[in-house]
Amino acid sequence: MKIFGLETRKAYPAKVTIDINTQCNARCVICPYPHLKDKLQHGIMKWDLYCKIIDEYADICYSNKIMGELSYCNMSEPTLLKDLPKYIKYARDKGCFTIYFNTNVSKLTPELVDELIRTKIYPAIHLNIMTFSKANYKKIMGLDFDVLTKNLRYFLDKYPHCLIDVGFFMPFMNEDDRLAVNEFFKDTKVTLHMAEDISDRAQNVELPKDLSDFQSDTKERAFGCSKNRPIHRMHINYDGRVYLCDQDMSLETNFGNVKDNSIKELWNGEAIMETLRVLYGHTKPGKHSIPCLTCTACIDSEKIKILKNPNDYKPRKLLGLPKRMLVKKGLAVVKKRGKLGWIWP
């Protein structure tokens with residue numbers, strides 16, 4: 001599919017996210033899970049379905065000679081799944097894609113860590129901590145700060161060679177918190193991510209009043225996505241349903257089911273193509289409404305400017321997009337809250 005006249009979307013997903021389970025034990029103030037948990041169906045992906053997805057995705061990676069990326073899960077906590085190492089090992093044995101998952105660390109126990117290391121999940125683990133303030137941690141995530149530090153310390157002390165990503169949100173951190181983070185992780189190989197922006201997940205969560213500046217508005221029409229996830233990543237729910245992206249946490253979209261069709265058939269199906277035509281400005285929303293219009297990543301025409309000389313800028317310091325994603329003839333840049341960020345034109 002051509003996006004703004006450029007060939008940018010392959011006939012297969014380069015990355016796949018699978019919701020192998022749908023439960024979460026955290027109650028994060030910026031996550032819609034507490035609000036949606038009673039509205040969505042829950043379950044664990046059946047083993048046969050999981051194997052079908054992994055086998056098809058492995059064939060895609062081998063036939064197209066790419067190193068794919070497999071991740072778990074979107075809105076749930078993967079470490080709640082008892083057989084998580086089994087799921088990871090099956091995918092790891094295919095040997096054609098990297099594997100990672102996000103976790104709030106509360107259930108990343110010493111026993112599970114040891115098993116994951118044996119399964120060779122290393123090094124792709126992202127620890128989503130949000131804040132390092134013991135006073136605010138319970139209020140922000142609904143979890144025990146002492147359990148967090150205990151599990152972290154075991155992981156980091158026993159496996160110091162692991163390259164782990166840890167994510168925090170700057171709006172939840174003061175200077176003392178940042179100093180505490182530096183002290184705790186100073187002798188480790190951990191990569192720290194300090195995010196400045198917070199998403200309301202396409203208006204699926206009402207942010208606290210002190211974060212109201214991050215609440216997204218509703219657009220009349222879309223002209224692109226600053227994240228471009230629908231261009232390279234497929235998201236699959238525990239029951240096999242394919243949905244648009246990680247911001248569609250209420251599962252408004254439905255592009256078919258991997259139980260009935262192959263990954264490539266769904267990726268190139270008319271249902272998802274119709275949504276992409278609206279998302280990237282080829283057609284107006286009309287009767288085909290998309291959740292993207294309420295997402296902070298949605299680009300509307302008034303925010304797009306074409307830069308004549310993109311070589312004057314350093315895109316890695318903006319949205320962190322790899323240089324291979326940039327277009328030689330010019331780049332589009334979106335200005336949001338006074339900051340510049342690269343997108344595809």
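Residues numbered from 1 in each chain as written. Predicted model: local features only at pLDDT ≥ 70, side-chain atom pairs only at ≥ 80, totals over all residues. Heavy atoms only, no water.

Colleague: I'd like a description of the overall build of the chain, backed by residues and values.
Modeller: Secondary structure assignment for the chain yields 10 helices and 13 strands. The burial tally for the chain puts 52% of its 345 residues in the buried class. Within the chain, contacts between residues at least 6 apart in sequence are counted, and of these 71% link residues at least 24 apart. Carbon together with sulfur atoms contributes 50% to the accessible area of the chain, which is approximately 17200 Å² in total. (Helix = DSSP H or I, 4+ residues; strand = E, 2+ residues; numbered from the N terminus. Buried < 20%, exposed > 50% of the residue type's maximum accessible area, 1.4 Å probe, protein only. Contact = heavy atoms within 4.5 Å. Areas by Shrake-Rupley, 256 points an atom, 1.4 Å probe, with all protein chains shown as cover.)

Colleague: Outline the packing of helix α3 (residues 84-92) against helix α4 (residues 110-119), supporting the account with residue identities and numerical values.
Modeller: The N-to-C vectors of α3 and α4 enclose an angle of 10°; their axes lie 9 Å apart at closest approach. With respect to α4, the element α3 is oriented roughly parallel. For the crossing formed where α3 meets α4, the hand is right-handed. Where α3 approaches α4, its residues Leu-84, Pro-85, Ile-88, Lys-89 and Arg-92 are matched on the opposing element by Leu-112, Glu-115, Leu-116 and Thr-119. Looking at side-chain class alone, the contact of α3 with α4 contains five nonpolar, one polar and three charged residues. (Axes fitted to C-alpha atoms, helices over the stretch in contact; angles between N-to-C directions. Parallel < 35°, antiparallel > 145°, perpendicular 65-115°, else oblique. Left-handed = near helix turned anticlockwise from the far one by under 90°. Nonpolar A, V, L, I, M, F, W, Y, C, P; charged D, E, K, R; others polar.)

Colleague: I'd like a rundown of the confidence of the model for the chain, residues and numbers included.
Modeller: A residue-level look at the chain finds 83% of positions with pLDDT of 70 or above and a mean pLDDT of 82. Below pLDDT 50 for its whole length, residues 302-345 participates in 76 contacts with residues either more than four positions away or in separate chains. (pLDDT = per-residue confidence, 0-100.)

Colleague: Please set out the environment of Gly-286 residue by residue, giving values where relevant.
Modeller: Tracing the backbone shows Gly-286 in the loop between α10 (270-279) and β11 (304-307). In sequence terms Gly-286 and Arg-221 are 65 residues apart; their C-alpha atoms lie 9.6 Å from each other.

Colleague: Any details on the environment of Glu-183? Residues and values, ideally.
Modeller: By the secondary structure assignment, Glu-183 is in helix α7 (residues 175-185). A relative accessible area of 48% places Glu-183 in the partly exposed class.

Colleague: I'd like a rundown of the packing of α4 against helix α6 (residues 145-158), residues and numbers included.
Modeller: It is the contact of α4 with α6, at a shortest axis distance of 10 Å, that shows an interaxial angle of 35°. Considering how the two elements wind past one another, α4 and α6 form a crossing that is right-handed. Across the interface between the two elements, Pro-110, Val-113, Asp-114 and Ile-117 from α4 touch Asn-151, Tyr-154, Phe-155 and Lys-158 from α6. When the residues that make up the contact of α4 with α6 are grouped by side-chain class, the tally is five nonpolar, one polar and two charged.

Colleague: Break down helix α2 (residues 47-63) for me, with residues and values.
Modeller: Between its first and last C-alpha, α2 extends 24 Å over 17 residues, near the 24 Å set by a 1.5 Å rise per residue. Listed as buried for α2 are Leu-49, Tyr-50, Cys-51, Ile-53, Ile-54, Glu-56, Tyr-57, Ala-58, Ile-60 and Cys-61. Where α2 is buried, its residues contact β3 (15-18), β4 (68-72), α3, β5 (97-103), β9 (233-236) and α9 (263-267). A positive backbone phi angle near 55° is found at Lys-65, which sits one or two residues after α2. (Expected span 1.5 Å × (residues − 1).)

Colleague: Can you lay out unusual backbone geometry for me, pointing to particular residues and giving the numbers?
Modeller: Residue Tyr-72 is joined to Cys-73 through a cis peptide bond whose omega torsion reads -25°. Summarising the element assignment, Cys-73 is placed in the loop between β4 and α3. Even without glycine at this site, Asn-228 takes up a positive phi of about 55°. Within the element layout of this structure, Asn-228 appears in the loop between β8 (191-195) and α8 (229-232). Note on Asn-228: relative accessible area 2%, which makes it buried.

Colleague: Just give me the short version of the sheet that holds β5, but keep the residues and values in it.
Modeller: The strand order β8-β7-β6-β5-β4-β3-β9-β10 describes an open sheet built from eight strands, whose pairing is mixed. Each having just a single partner strand, β8 and β10 (242-243) make up the two edges of the open sheet. Note: β3 against β9, four bridges, orientation parallel. Across the sheet, residue Lys-15 finds its bridge partner in β9, namely Arg-233. (Pairing = 2+ DSSP bridges.)

Colleague: Which residues make up the pairing of strand β7 (residues 165-169), and what values go with them?
Modeller: Counted residue by residue, β7 has four buried out of five residues, so it is predominantly covered. In terms of strand pairing, strand β6 (residues 125-130) meets β7 through four bridges, oriented parallel. Paired with Asn-128 across the two strands is Gly-167, which belongs to β7. Where β7 and β8 come together, five bridges link them in parallel fashion. The residue bridging Phe-168 from the neighbouring strand is Met-194, located in β8.

Colleague: Any details on the packing of aromatic side chains? Residues and values, ideally.
Modeller: On inspection of all chains with the given rule, the structure shows 16 aromatic pairs. With a centroid separation of 6.2 Å and 85° between ring planes, the pair formed by Phe-155 and Tyr-159 is classed as edge-to-face. Taken individually, Phe-155 and Tyr-159 each receive the classification buried, so the pair is uniform in this respect. Relative to Phe-185, the ring of Phe-184 lies with its centre 5.0 Å away and its plane at 70°, an arrangement referred to as edge-to-face. Of the two residues examined, Phe-184 and Phe-185, each falls in the buried class. (Phe/Tyr/Trp six-rings, centres within 6.5 Å; stacked < 30°, edge-to-face > 60°.)

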